[in-house]
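Here is how the chains run, residue by residue.
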Amino acid sequence: MSDLNNITSNFYKKISSVKSKEDLQSLKTEFFGKSGEVTSQFKSLGTISEDKRKEFASSLNKLKDELTNELEKKFIELEKIEINEKLKGEKVDVTLPIRPYQKGKIHPVSQVIDEISSIFSEIGFSIAEGPDVETEYNNFTALNTPDNHPARDMHDTFYLEENKKILLRTHTSPVQIRTMLNEKPPYKIIVPGRTYRCDSDQTHAPMFHQLEGLHVDKDITMSHLKGCLDYFIKEFFEVKNVKMRFRPSHFPFTEPSAEVDIGYTIENDKIVIGEGDKWLEILGCGMVHPNVLKNVKVDPTKYQGFAFGMGIDRLAMLKYGINDLRAFFESDYRWLNHFGFDPLDVPTNYKGLSK
Ligand code: PHE
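Because the structure is predicted, anything quoted here is derived from the model rather than measured.

Asks: I tried to follow the overall build of the chain on my own but got confused; where do I start?
Replies: Helix and strand counts for the chain come out as twelve helices and ten strands. On the principal axes, the C-alpha backbone points of the chain span a range of 125 × 50 × 40 Å. Buried positions account for 41% of the 355 residues belonging to the chain. When contacts within the chain are restricted to residue pairs at least 6 apart in sequence, long-range pairs at least 24 apart make up 66% of them. Accessible area for the chain stands at about 20800 Å²; split by element, carbon and sulfur atoms hold 52% of it. Within the chain, one finds 48 positive and 54 negative side-chain charges whose respective centroids are separated by 5 Å.

Rendered as structure tokens:
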């Protein structure tokens, strides 16, 4: 019996100084391993006289349960300490200042597209889109520009295959065709998008952006076109008055056709849009040619409308005083940081577009 008492007190002494799971494991082996102290007591059962054996065995079992229990308790305790230590190491101080970071900016072209969309949505236009890779039919033929028409050469087209059936769209006008083929009249859409021509200098890039407008209904006249463009220019440049002139021009898909100039002056080396005696060409437009309507199965005796197309990059350059178009597409972070817009500055008409 005194053996068992010794074992117990020895065990408690040792377990109180255990600091790690490894220590605990060796303590377990010391008492319950093959030649452990408790194990040897079990082995000695056979040598004890029969009258004492029962009592001894029951004390031994009690001792075994007690010590096993203690080992388990200690294990859980050590586990808790270990987890807390780990959590301490992984603690994140959310009040610490963040590392210096580079803030993203909205590209002026994206900003201008948002501005334009906001302006036209106010007067009932919705936004339509089409693919950059187009068929020669949608880009030219359906737009009343048959084979061998000189306008085809003027566009410096990037053809994507030898027989010239697939190309990179040279203007956003094919989306007129797509929209009219897919929906019933009336149509009132704008189409902002990428366009491509084989051309590159300070004011031309092989990839550039256009904005197309199309309004077809039963009683649309050229004065609607004029009113619409007058509204747009004033809203876009955020000025009260804009001098505008329509010059006769030619596009195969409009008749009559016009090019629109707006008045401007130079003040302190800056272009001021609206007044003045200088003229700047900003867009092409006209009344949709009856042949175009026929090509999309819209009856030109019932419906007519206007269309216009303008260069978005040029509008952005004018509005935000950017003088080299090529910088738009160079992805120079310093440039973007200077000319770009805050992502939360979403343009809306009622707030003021660029304020
Ligand atoms: N698509 C013409 C161009 O790219 C512009 C335009 C559009 C003219 C619609 C008239 C009507 O030059």
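Asks: Can you help me understand the pattern of salt bridges in this one?
Replies: Side chains that differ in sign of charge can pair as their charged atoms come close. Counted under the stated rule, the structure contains 19 salt bridges. With a closest N to O distance of 2.8 Å, Glu-238 and Lys-319 form a salt bridge. Of this pair, Glu-238 sits in the loop between α9 (222-237) and β6 (244-251) while Lys-319 sits in helix α11 (residues 312-320), and the two are 81 residues apart along the sequence. In this structure Glu-238 comes out as partly exposed when scored by relative accessible area, which is 27%. Given a relative accessible area of 17%, Lys-319 falls into the buried group.

Asks: I'm lost on the site of the ligand in this one. Help?
Replies: Lining the immediate surroundings of the ligand are 13 residues, of which His-171, Ser-173, Arg-197, Gln-210 and Gly-309 lie closest. Within the contact set of the ligand, a nitrogen atom lies 3.0 Å away from a side-chain nitrogen or oxygen of Ser-173. A distance of 2.9 Å separates an oxygen atom of the ligand from a polar side-chain atom of Gln-210. When the ligand sits alone it has 330 Å² of accessible area, and the protein chains cover 92% of it. Elements with a minimum of two residues in the shell around the ligand: β5 (207-217), β9 (278-288) and β10 (304-311). Examining the composition of the shell around the ligand, we find that three residues originate from one element, β10, more than from any other. Considered class by class, the residues forming the shell around the ligand number five nonpolar, six polar and two charged.

Asks: Help me out: how do you make sense of the packing of aromatic side chains in this one?
Replies: Two descriptors summarise a pair of aromatic rings, namely the distance from one centre to the other and the angle between the planes of the rings. One pass over the structure, following the stated rule, counts 13 aromatic pairs. Residues Phe-11 and Tyr-12 carry aromatic rings whose centres are separated by 5.8 Å and whose planes lie at 85 degrees to one another, so their mutual orientation is edge-to-face. Judged by relative accessible area, Phe-11 falls into the buried class, the value being 0%. On the numbers, 5.6 Å between centres and 85 degrees between planes, the contact of Phe-328 with Trp-335 is edge-to-face. Considered together, Phe-328 and Trp-335 belong to a single accessibility category, that of buried residues. Through a chain of ring-to-ring contacts, the aromatic side chains of Phe-120, Phe-125, Phe-232, Phe-236, Phe-237, Phe-306 and Phe-308 assemble into a single cluster. Sitting over the ring of Phe-236, Lys-319 keeps its end group 4.6 Å from the ring centre.

Asks: When you look at the nonpolar core in this model, what are you seeing that I'm missing?
Replies: A general feature of soluble globular proteins is that nonpolar side chains tend to end up buried together. Ile-116, Phe-120, Phe-232, Ile-262 and Phe-308 are the most contacted members of the largest nonpolar core, which has 46 residues in total. Mapped onto this core, the elements with two or more residues apiece are α5 (108-121), α9, β7 (254-267), β9, β10, α11 and α12 (333-339). Broken down by element, this core gets its largest block of residues, seven residues, from α9. With sequence-adjacent residues up to four places away left out, Phe-308 is seen in contact with Phe-120, Leu-211, Glu-212, Gly-213, Leu-225, Cys-228, Leu-229, Leu-283, Gly-284 and Cys-285. In this structure, Val-175, Ile-177, Met-180 and Val-292 belong to the second largest nonpolar core, which totals 19 residues.

Asks: Explanation requested: the pairing of β6 in the structure shown.
Replies: If a strand is regular, its side chains alternate between the two faces of the sheet. In the sheet, β6 pairs with β7 via seven bridges, with the strands oriented antiparallel. The residue bridging Pro-248 from the neighbouring strand is Ala-258, located in β7.

Asks: Hey, could you run me through helix α2 (residues 21-32) in this one?
Replies: Structurally, the α-helix is built with 3.6 residues per turn, so residues lying three or four positions apart point the same way. The end-to-end C-alpha distance of α2, which contains twelve residues, comes to 16 Å, matching closely the 16 Å that a straight helix rising 1.5 Å per residue would cover. Of all the residues in α2, the buried ones are Leu-24, Leu-27 and Phe-31. Take α2 and look down its axis: the buried residues cluster within an arc of 60 degrees, on one side only.

Asks: Teacher, can you tell me more about the domain arrangement of the chain here?
Replies: Interface extent is often summarised as the accessible area lost during association of the parts. Taken as a whole, the chain is organised into domain 1 (2-89) and domain 2 (108-339). A separation of 88 Å is found between the C-alpha centroids of domain 1 and domain 2.

Asks: Which parts of the structure should I look at to understand the pairing of strand β4 (residues 187-196)?
Replies: Counting buried residues in β4 gives eight out of ten residues, a clear majority hidden from the surface. Both strand β1 (residues 126-127) and β4 contribute to a ladder of two bridges, which runs parallel. Bridge assignment links Ile-127 to a residue of β4, and that residue is Ile-190.

Asks: Please clarify how the side chain of Glu-136 should be interpreted in this entry.
Replies: Mapping Glu-136 onto the fold places it in helix α6 (residues 136-139). Since its relative accessible area comes to 9%, Glu-136 is described here as buried.

Parameters at a glance
- Residues numbered from 1 in each chain as written.
- Predicted model: local features only at pLDDT ≥ 70, side-chain atom pairs only at ≥ 80, totals over all residues.
- Heavy atoms only, no water.
- Helix = DSSP H or I, 4+ residues; strand = E, 2+ residues; numbered from the N terminus.
- Buried < 20%, exposed > 50% of the residue type's maximum accessible area, 1.4 Å probe, protein only.
- Contact = heavy atoms within 4.5 Å.
- Areas by Shrake-Rupley, 256 points an atom, 1.4 Å probe, with all protein chains shown as cover.
- Lys, Arg positive; Asp, Glu negative; His and termini not counted.
- Charge placed at Lys NZ, Arg CZ, Asp CG, Glu CD.
- Salt bridge = Lys/Arg side-chain N within 4 Å of Asp/Glu carboxyl O.
- Near = heavy atom within 4 Å.
- Polar contact = N/O pair within 3.5 Å; in protein donor to acceptor, adjacent residues only side chain to side chain.
- Nonpolar A, V, L, I, M, F, W, Y, C, P; charged D, E, K, R; others polar.
- Phe/Tyr/Trp six-rings, centres within 6.5 Å; stacked < 30°, edge-to-face > 60°.
- Lys NZ or Arg CZ within 6 Å of the ring centre and 35° of its normal.
- Core = buried A, V, L, I, M, F, W, Y, C linked by side-chain atoms within 4.5 Å.
- Pairing = 2+ DSSP bridges.
- Expected span 1.5 Å × (residues − 1).
- Arc of directions from axis to C-beta.
- Domains from an automatic or database assignment.

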